[in-house]
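Residues per chain, in single letters:
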Amino acid sequence: MHDDPADLGNAVDLAEPQQLQQALAAHGYLADERLATSAWLALSMERPLFCEGVPGVGKTALAAGMAGALGGPLLRLQCYEGIEVGQALYEWDFPRQLLHAREGLPGGVWDERYLLERPVLAALRASTNGARAVLLVDEVDRADDEFDALLLEVLSDWAITIPELGRVAAEVPPFVVVTSNRTRDVHDALKRRCLYHWIDLPRRDQELAIVRHHVPEARDGMLAQVLDAVTRLRALDLVKPPGLAETIDWVRALVLLGADGLDDGLVERSLPAVVKHADDLAPARAALVGAGGD
């Protein structure tokens, strides 16, 4: 262990979960007590936080909130099928190395100046006592199984070895958020290395507080109507049910349209903000049009 959480971040005291919860709120992320405690424990134990949940519940936004709370940079690794080691760790700038060799410049071609940092290496190097970096490994379930083993190795040692330059270790471990939408089973060994938290859709009162935080100019009456409508949509068998992000987008869209409430015309005009799949349009309209002002 390198540090007490009270010493981490810039001018913030994170000696207990409630203080992390307050620091997250100050940077626009309203975490409940359970999530704030999970994040605080992961921070204190120097473990990654593995977050699962339905899309749009704030898994990715948690990393941004933690970066703000800790005062360090946010490095994001977006996973996808076929992602390679170099895209996660580092690559060499071969065109510049070739030019170096052709022109007979002094020094070797395997030099730091030709090293291209990718998110994992950048997070290891950027994380210091003064400003702990946050690494977001987003949608790890989209990557291949082999990627789990690579990630586990780095997260176990907080270091990587570059054959041409040697071992690179973090001064202090970055805070790591690993997210998954459960499109495949992530390797058990990787999950065991992490603390685990399931982020569910917020309760109505929590969702209302979050939306008010992000769209403070929205009128209370309209917010109640939108939350009623979102509840109806989530009860349907939609391909992409609206998450918290869609609720916020819908309210923002309605505010931009100058709406004080929700009626059939506004439902039709603002539907693109909340319905994100063609097959969901018809059932969404059937559920909402005619009930928008209820």
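Residues numbered from 1 in each chain as written. Predicted model: local features only at pLDDT ≥ 70, side-chain atom pairs only at ≥ 80, totals over all residues. Heavy atoms only, no water.

(A) The sheet that holds strand β5 (residues 134-138), seen in detail. Reading across from one edge, β2-β5-β8-β1-β9 is the order of the five strands in this open sheet, with parallel pairing throughout. Unpaired on one side and paired on the other, β2 (74-78) and β9 (195-198) mark the two borders of the sheet. For this sheet, the mean angle separating the axes of adjacent strands, direction not counted, is 20°. Pairing geometry for strand β1 (residues 49-52) and strand β8 (residues 175-180), over four bridges, is parallel. Residue pairing across strands places C51 opposite T179, the latter belonging to β8. Across the face of the sheet, helix α6 (residues 119-126) comes into contact with β2 and β5 while running at roughly 160° to β2. (Pairing = 2+ DSSP bridges. Helix = DSSP H or I, 4+ residues; strand = E, 2+ residues; numbered from the N terminus. Axes fitted to C-alpha atoms, helices over the stretch in contact; angles between N-to-C directions. Contact = heavy atoms within 4.5 Å.)

(B) Representation of the pattern of salt bridges within the structure. Considering all chains together, one arrives at 18 salt bridges under this definition. Taking the shortest distance from any N to any O, the salt bridge between R184 and D148 comes out at 2.8 Å. You can see R184 sitting in the loop between β8 and α8 (188-193) and its partner D148 sitting in helix α7 (residues 145-157), a full 36 residues away along the chain. For the pair R184 and D148, a shared accessibility class is recorded, and that class is buried. D205 is paired through a salt bridge with R203; the nearest N and O atoms lie 3.1 Å apart. The exposure class assigned to D205 is partly exposed, which follows from its relative accessible area of 46%. Each of E52, R182 and K191 takes part in a single network of salt bridges with overlapping partners. (Salt bridge = Lys/Arg side-chain N within 4 Å of Asp/Glu carboxyl O. Buried < 20%, exposed > 50% of the residue type's maximum accessible area, 1.4 Å probe, protein only.)

(C) Representation of the environment of V211. Position of V211 relative to the elements: it lies in helix α9 (residues 204-214). Judged by relative accessible area, V211 falls into the buried class, the value being 2%. Setting aside anything within four residues of it in sequence, one finds V211 in contact with L223, T247, I248 and V251.

(D) Region of the structure containing unusual backbone geometry. The residue E46 is not glycine, and still its phi comes out positive at about 55°. With respect to the secondary-structure elements, E46 resides in the loop between α2 (33-45) and β1. At E139, a residue that is not glycine, the phi angle is positive and equals roughly 55°. Position of E139 relative to the elements: it lies in the loop between β5 and α7.

(E) Region of interest: the packing of aromatic side chains. Counting across every chain of the model gives two aromatic pairs. A ring pair is formed by F50 and Y196, whose centres lie 6.2 Å apart and whose planes are at 20°; its orientation type is stacked. Of this pair, F50 sits in strand β1 while Y196 sits in strand β9, and the two are 146 residues apart along the sequence. A residue is classified by how much of its surface remains accessible, and Y196, at 42% relative accessible area, is partly exposed. (Phe/Tyr/Trp six-rings, centres within 6.5 Å; stacked < 30°, edge-to-face > 60°.)

(F) Just the layout of surface pockets, in detail. Here the largest pocket defines a volume of roughly 960 Å³. Taken together, 44 residues line the largest pocket, and the ones lying closest to its centre are G56, V57, G58, K59 and L244. Looking at the lining of the largest pocket, its residues break down into 21 nonpolar, eleven polar and twelve charged. (1 Å grid on protein atoms, 1.4 Å probe; cavity = no way out; pocket = protein on both sides within 12 Å on 5 of 7 lines; lining within 4 Å. Points joined across faces, edges and corners; volume = space filled by probe spheres on them. Nonpolar A, V, L, I, M, F, W, Y, C, P; charged D, E, K, R; others polar.)

(G) The arrangement of the pairing of β2 in detail. The two faces of β2 differ: L75 and L77 on one face are buried, but L74, R76 and Q78 on the other face are not. Bridge count for β2 against β5 is five bridges, and the pairing is parallel. By the bridge assignment for β5, R76 is matched with L136.

(H) Local environment of the nonpolar core. Counting 36 residues, the largest nonpolar core has Y90, V137, V140, F147, I160 and I162 as its most contacted members. Those elements that provide at least two residues to this core are β2, β3 (90-92), α6, β5, α7, β6 (159-162) and β8. Discounting residues that sit within four places of it in the chain, V140 has contacts with F50, C79, F147, D148, L151, V178, T179, S180, R184 and V186. (Core = buried A, V, L, I, M, F, W, Y, C linked by side-chain atoms within 4.5 Å.)

(I) Quick peek at the pairing of β6. Examined bridge by bridge, β6 and strand β7 (residues 166-169) share four bridges and lie antiparallel to one another. For I160, the partnering residue across the bridge sits in β7 and is V168. Counting the residues that bridge the hairpin from β6 to β7 gives three residues.

(J) Expanded view of helix α1 (residues 17-26). Within α1 the residues assigned to the buried category are P17, L20, A23 and L24. In an axial view of α1, the angular spread of the buried residues amounts to 120°, which keeps them on one side of the axis. With respect to the buried face of α1, the exposed residues turned more than 90 degrees away are Q22 and A26. Buried-residue contacts for α1 involve α2 and α3 (59-70). The positive-phi residue at the C-terminal boundary of α1 is G28, with phi of around 90°. (Arc of directions from axis to C-beta.)

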